[in-house]
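Here's the letter readout for the chains.
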Amino acid sequence: MLDNEDLLEISPRELRQNPLRKIWMPCTNGLPEKHISQRRVCMTNCPTLIVTVGLPARGKTFISKKLTRYLNWIGVPTKEFNVGQYRRECLKIYKSFEFFRPDNEEGLKIRRQCAMAALNDVRHYLSVEGGQVAVFDATNTTRERRVTIIKFAEQNGFKVFFVESVCEDPDVIAENIVQVKLGSPDYIHCETEEAIEDFMKRIKCYESSYQTLDEVLDRDLSYIKVMDVGRRYLVNRVQDHIQSRIVYYLMNIHITPRSIYLCRHGESDLNIKGRIGGDSELSSRGKEFAKSLRKFIQDQNIKDLKVWTSQMKRTIQTAECLGVPYEQWKSLNEIDAGVCEEMMYEEIQEHFPLEFALRDQDKYRYRYPKGESYEDLVQRLEPVIMELERQENVLVISHQAVMRCLLAYFLDKTADELPYLNCPLHTVLKLTPVAYGCKVESVCLAVDAVNTHRDRPENVSVQRSTEDALQTVPPHF
């Protein structure tokens, strides 16, 4: 506790604005305090261990992978630890369900060793590597195993959140086995019927000892129980912000087959001039693309298609040509370039060479003066992602930076990769969710347009020449 004299001696530190992210940082002798300026934003007050619970073929790995992808996308460093993969690396060759029999002492010993190896890696990731969330993907069907995990978490100062997937629908289980398990390395050399029979016996090995999370016995635990792929949920003792976001996310995802179509607006007048941002009209070629997009959508014969646009003129003009209802989202507006709106890259280099170099050094986190960063844009687009997860077939007509952010979510791209994803004009990307990822089909609608993609130049120094700075600027009129 500080006494009054100590309090009188303390004075506020000088603040300097970080040139990259435009946020204020405490300084000492005019220099930013590195331990503060370099610290990553933390969305958790202590590391969180997410633990899956459930019988095989209940979608635990599907949930684990989606949660990991979502949390990484919103900026929470997250990693999945699949115990089955540890077992495969240990055994190399899988023989049969006999390995999982509850009376197979050797099998039990190996499975325990694999679980502990995975937990040791969890400890290293959360305590040493700077991870904020780890997803421990395994059956964890017994109360004894879950107690072991809880003790491990308590010893290391981690919070625990359980995610149990319960499914009694035989059709869903059968579909999961066919879609996912038959492609597993365990069954790579098996006939389909033989593999299905073996896997069903594997499930039986777990059923006799399965202890579901209980409302009374486990009332002190934090968990969500997902029943029959989202028909019902049971949520218990959500303790913090990150757990509430996990719950909200899991209550929005579904497994209904669908496709999401992403495209940019048709070419605009400012695109032709090589100017960024703005709110200009479509060029003549942009209008041709809108007509071609209408024919493409009609030919696809998509059931109950919803169309979303931004609130900017060029996306609305593109949607108007479709002749179908559409919904405008302000969240889908293009990244705000602040003082650089409607400028050419050449003009930004001439008037703001430092800003231009800083953006090339860290394009994801760089914030335009009085504008936005890609990091800001991801936060703005989170409600769009949530609604896309809830919907079935949707066409999103947006902008280059926005489309990159959406694409990075579905394709599990890193923050470094995101700002350089190529999203050309007059091209539709069809995304179809599959077992643990997304199938992508790129369809060019054969209407010419300018290239607006700018790769990261080799030289990103603030002392670089104008020629080096403009090395990757695409040609324009």
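Look above for the structure.
Bear in mind that the values here come from a model prediction, so they are computed numbers and not experimental data. (Residues numbered from 1 in each chain as written. Predicted model: local features only at pLDDT ≥ 70, side-chain atom pairs only at ≥ 80, totals over all residues. Heavy atoms only, no water.)

Caption draft 1: View of the sheet that holds strand β14 (residues 427–434). One open sheet accounts for six strands, arranged β12-β11-β13-β10-β14-β15; its pairing is mixed. With one partner strand each, in any of the chains shown, β12 (327–328) and β15 (437–444) form the two edges of the open sheet. Sheet topology places strand β11 (residues 306–309) next to β12; two bridges connect them, and they run parallel. By the bridge assignment, Thr309 is partnered in β12 with Gln328. Against the sheet, helix α11 (residues 284–300) makes contact with β10 (260–264), β13 (394–398), β14 and β15, and its axis sits at roughly 170° relative to β10, the strand it touches most. Packed onto the sheet, helix α16 (residues 400–411) meets β10, β13, β14 and β15 and runs at close to 150° relative to β10. (Pairing = 2+ DSSP bridges. Helix = DSSP H or I, 4+ residues; strand = E, 2+ residues; numbered from the N terminus. Contact = heavy atoms within 4.5 Å. Axes fitted to C-alpha atoms, helices over the stretch in contact; angles between N-to-C directions.)

Caption draft 2: Representation of the packing of aromatic side chains within the structure. Evaluated as defined, the whole model comprises 14 aromatic pairs. Look at Tyr70 and Tyr249: their rings are 4.2 Å apart centre to centre, the planes differ by 5°, and that puts the pair in the stacked class. Taken together, the positions of Tyr70 in helix α3 (residues 60–73) and Tyr249 in helix α9 (residues 241–250) put the pair 179 residues apart, joining distant regions of the chain. Exposure remark for Tyr70: the relative accessible area of 0% places this residue in the buried category. Overall, Tyr249 belongs to the buried group, its relative accessible area being 0%. Where Trp308 meets Trp329, the ring centres are 4.8 Å apart and the plane angle is 35°; that geometry is what we call tilted. Placement of the pair is Trp308 in strand β11 and Trp329 in the loop between β12 and α13 (345–351), with a sequence separation of 21 residues. Here Trp308 matches Trp329 in class, with each residue buried. Put simply, the rings of Tyr94, Phe99, Phe100, Tyr187, Phe199 and Tyr206 pair up and form one aromatic cluster. (Phe/Tyr/Trp six-rings, centres within 6.5 Å; stacked < 30°, edge-to-face > 60°. Buried < 20%, exposed > 50% of the residue type's maximum accessible area, 1.4 Å probe, protein only.)

Caption draft 3: The environment of Phe81, seen in detail. Structurally, Phe81 can be placed in strand β5 (residues 78–82). In this structure Phe81 comes out as buried when scored by relative accessible area, which is 3%. It is 43 Å that separates the C-alpha atoms of Phe81 and Tyr345, two residues lying 264 residues apart in sequence. The residues contacting Phe81, other than those within four sequence positions of it, are Tyr86, Ala118, Asp121, Val122, Tyr125, Ala134, Val135, Phe136 and Asp137.

Caption draft 4: Region of interest: the state of the cysteines. Tallied over the full model, the rule gives zero disulfides. With no disulfide partner, Cys190 has as its closest neighbouring cysteine sulfur the one in Cys205, 16 Å distant. Lacking any disulfide linkage, Cys405 is separated from the closest cysteine sulfur, that of Cys423, by 9.4 Å. On the basis of relative accessibility, which here comes to 0%, the residue Cys405 falls in the buried class. (Disulfide = S-S within 2.5 Å.)

All quantities given are derived from atomic positions and should not be read as evidence of function.
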